[in-house]
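# Residue-level structure breakdown
One letter stands for each residue in the lines below.
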Amino acid sequence: MASGESSAESAVTPGAVRVALLGCGTVGTEVVRLITEQADDLTARVGAPVELAGVAVRRPHRHPWLTETHGHLVTTDAAALATRDDVDAVVEVIGGIEPVRGWLLAALAAGKSVVTANKALLAEDGPTLAEAADASGADLYYEAAVAGAIPLLRPLRESLAGDRITRVAGIVNGTSNFILSAMSSGGTSYADALEEATRLGYAEADPSADVDGYDAASKAAILASLAFHTRITASDVHREGMRGVSAADVAAARRLGCTIKLLAICERVVDEAPDGSVAESVSARVYPAMVPDSHPLAGVDGAFNAVFVEAEAAGQLMFYGQGAGGAPTASAVLGDLVAVARNRTGGGRSPRESAYADLPVRPIGEVPTRYHVDLEVADREGVLATIAGAFAKQGVSIAAVRQTGGVFGAADGDPGQARLTVVTHSAPEAALSATVSALLELDIVPGVAGVLRVEGLGRAVAALGMGE
Ligand code: HSE
């Protein structure tokens, strides 16, 4: 039978947990390697052999190593492999919504356990997968979907299940962090850094998912859903990518003693009304922000990820490690596969999904943050007062102001231009946007050179020589 037709068969070891692998790119290749090379250890840890039943790839000729070493397992028919009788567990490392969703739903309906790294699918339709798993009693694990090798979802789902999580925030996209780190250290252009991240296997098939924040938004949706027991989809997450971060922004951050990072922030927001009643909501957002160099996130470089979790009883926890790449991501996949295999052999099930809290999503316009606003302004009397008035009119309080440039280069009779850097106290996004629109209407403001949020402040304001 030709490899493309249907079933790739292998000898079945009695009692073995049989695995169908869908996809064999950067991560899949490492999954095959680990299952093969660590076969004896896996058998000892699980109590039964874990063996590959088949590997589905679209174009076998693009996988010479796989076809040479495991040619008898290769098939192009992923749908058939996912539901084959001799398969116990399906590992999916293809990504994207369709046709993968249909294959995984069919596998779950047929009682196969599923391990997936597919953040886009989980962020869009996780509950449907979870319902299918519940209906058949199959397992659904997805540690590799967020932050590569870092054990993060299992702590949220299991270890912290008895606590009340208030915040999950950090760096969850290795590619954009790799690029921002390269830009910050100087000498590497955005394009070269992106090419290198792609070569190293960090970037998504379409790297715009990384640099435009879609990948981080999917991960934020998964994190927020688990942390707050509320169904959050990627479309609930406010998303701004890092493509617009310029060398000038990086330099401005450096002057302020900050580093720019693409952050994913998921928060439980508690509002207390004057009558004492309390309303809770969830804010989930992804954007580039300045972080003070003294903050632990500022030192997270390259493809590393770091996530802070805050819970009422546990306090602050920090998770740090390799967030992208074949072997680190495969490590998370294998961890899930061992859990599935143990459940299959010894009894037990993956934790059930829970969305009982059903909290509303806080609109981004109502979310307060500090801002760094770089303005080009006319350098003459009254300008500062007018600009301060524009901020005040929208209720945005200024924490620090620095003027640079000024008289330098101004011709006789020409007041010239200056650069005005304003750092605000915490203000709602809507108020800051309205302020920037109003500033752009002013003749004395030829341009707004940059607007960036500032997270984890305190020291950055002090760096301007003007404490809070
Ligand atoms: N493209 C992703 C990243 C891979 O750069 O973080 C891990 O999900």
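Residues numbered from 1 in each chain as written. Predicted model: local features only at pLDDT ≥ 70, side-chain atom pairs only at ≥ 80, totals over all residues. Heavy atoms only, no water.

### A closer look at the domain arrangement of the protein
- When cut into domains, the protein gives domain 1 (5-148 + 328-346), domain 2 (156-323) and domain 3 (366-454).
- Counting residues at the interface gives 13 residues for domain 2, matched by 11 residues for domain 3.
- For the pair domain 2 and domain 3, the two sides together bury roughly 990 Å², of which 61% comes from carbon and sulfur.
- Here domain 2 is connected to domain 3 by one salt bridge.
- The salt bridge partner of Arg-453 is Glu-240, with a shortest N-O separation of 3.1 Å.
- For the interface between domain 2 and domain 3, the tally reads two residue pairs in polar contact (both at pLDDT 80 or more).
- Contributing elements (two or more residues each) for the side of domain 2 that touches domain 3: helix H12 (247-255) and strand S10 (278-292). (Domains from an automatic or database assignment. Contact = heavy atoms within 4.5 Å. Buried area = accessible area lost by both parts, 1.4 Å probe. Salt bridge = Lys/Arg side-chain N within 4 Å of Asp/Glu carboxyl O. Polar contact = N/O pair within 3.5 Å; in protein donor to acceptor, adjacent residues only side chain to side chain. Helix = DSSP H or I, 4+ residues; strand = E, 2+ residues; numbered from the N terminus.)

### Points about the site of the ligand
- Taken together, 13 residues form the shell around the ligand, and within it Lys-119, Gly-174, Thr-175, Tyr-202 and Glu-204 come nearest.
- One of the side-chain nitrogen or oxygen atoms of Asp-210 is found 2.7 Å away from a nitrogen atom of the ligand.
- A total of 250 Å² of accessible area belongs to the ligand in isolation, and the protein chains cover 94% of it.
- For the shell around the ligand, the secondary-structure elements that each account for two or more residues are helix H8 (174-185) and helix H11 (214-228). (Near = heavy atom within 4 Å. Areas by Shrake-Rupley, 256 points an atom, 1.4 Å probe, with all protein chains shown as cover.)

### Some details on unusual backbone geometry
- Cis rather than trans, the peptide bond between Glu-98 and Pro-99 has omega equal to 5°.
- The backbone phi angle of His-229 is positive, close to 50°, even though this residue is not glycine.
- Tracing the chain through its elements places His-229 in the loop between H11 and strand S8 (238-239).
- Positive phi values are uncommon outside glycine, yet Asp-358 reaches one of about 50°.

### A word on the packing of helix H6 (residues 119-136) against H11
- The geometry of H6 relative to H11 is characterised by a closest axis approach of 8 Å and an angle of 50° between their N-to-C directions. Between H6 and H11, the interaxial angle falls into the category oblique. Both H6 and H11 take part in a crossing whose hand is left-handed. The residues of H11 that touch H6, namely those facing Lys-119, Ala-120, Leu-122 and Ala-123, are Asp-215, Ser-218, Lys-219, Ala-221 and Ile-222. (Axes fitted to C-alpha atoms, helices over the stretch in contact; angles between N-to-C directions. Parallel < 35°, antiparallel > 145°, perpendicular 65-115°, else oblique. Left-handed = near helix turned anticlockwise from the far one by under 90°.)

### Points about the sheet that holds strand S3 (residues 74-75)
- The parallel open sheet is built from six strands, whose spatial order is S3-S2-S1-S4-S5-S6. Looking along the sheet, the strands with just one partner apiece sit at the ends: S3 and strand S6 (140-141).
- Of the pairings in the sheet, the one linking strand S2 (residues 50-56) to S3 comprises two bridges and is parallel in character. The residue bridging Val-55 from the neighbouring strand is Val-74, located in S3. (Pairing = 2+ DSSP bridges.)

### Details of the packing of aromatic side chains
- One pass over the structure, following the stated rule, counts two aromatic pairs.
- Measuring from ring centre to ring centre gives 5.2 Å for Phe-304 and Tyr-320, while their planes differ by 15°; the resulting arrangement is stacked. In this pair, Phe-304 sits in strand S11 (residues 304-311) while Tyr-320 sits in strand S12 (residues 315-322), placing the two residues 16 residues apart along the sequence.
- The exposure class assigned to Tyr-320 is partly exposed, which follows from its relative accessible area of 47%.
- Sitting over the ring of Tyr-214, Arg-239 keeps its end group 3.8 Å from the ring centre.
- Lying across the ring of Tyr-287, Arg-453 places its NZ or CZ 4.0 Å from the centre. (Phe/Tyr/Trp six-rings, centres within 6.5 Å; stacked < 30°, edge-to-face > 60°. Buried < 20%, exposed > 50% of the residue type's maximum accessible area, 1.4 Å probe, protein only. Lys NZ or Arg CZ within 6 Å of the ring centre and 35° of its normal.)

### So, the pattern of salt bridges
- A complete count under the given rule lists 28 salt bridges for this structure.
- With a shortest N-O distance of 2.9 Å, Glu-280 and Arg-268 are connected by a salt bridge. Of this pair, Glu-280 sits in strand S10 while Arg-268 is found in strand S9 (residues 258-272), placing the two residues 12 residues apart along the sequence.
- In this structure Arg-268 comes out as buried when scored by relative accessible area, which is 14%.

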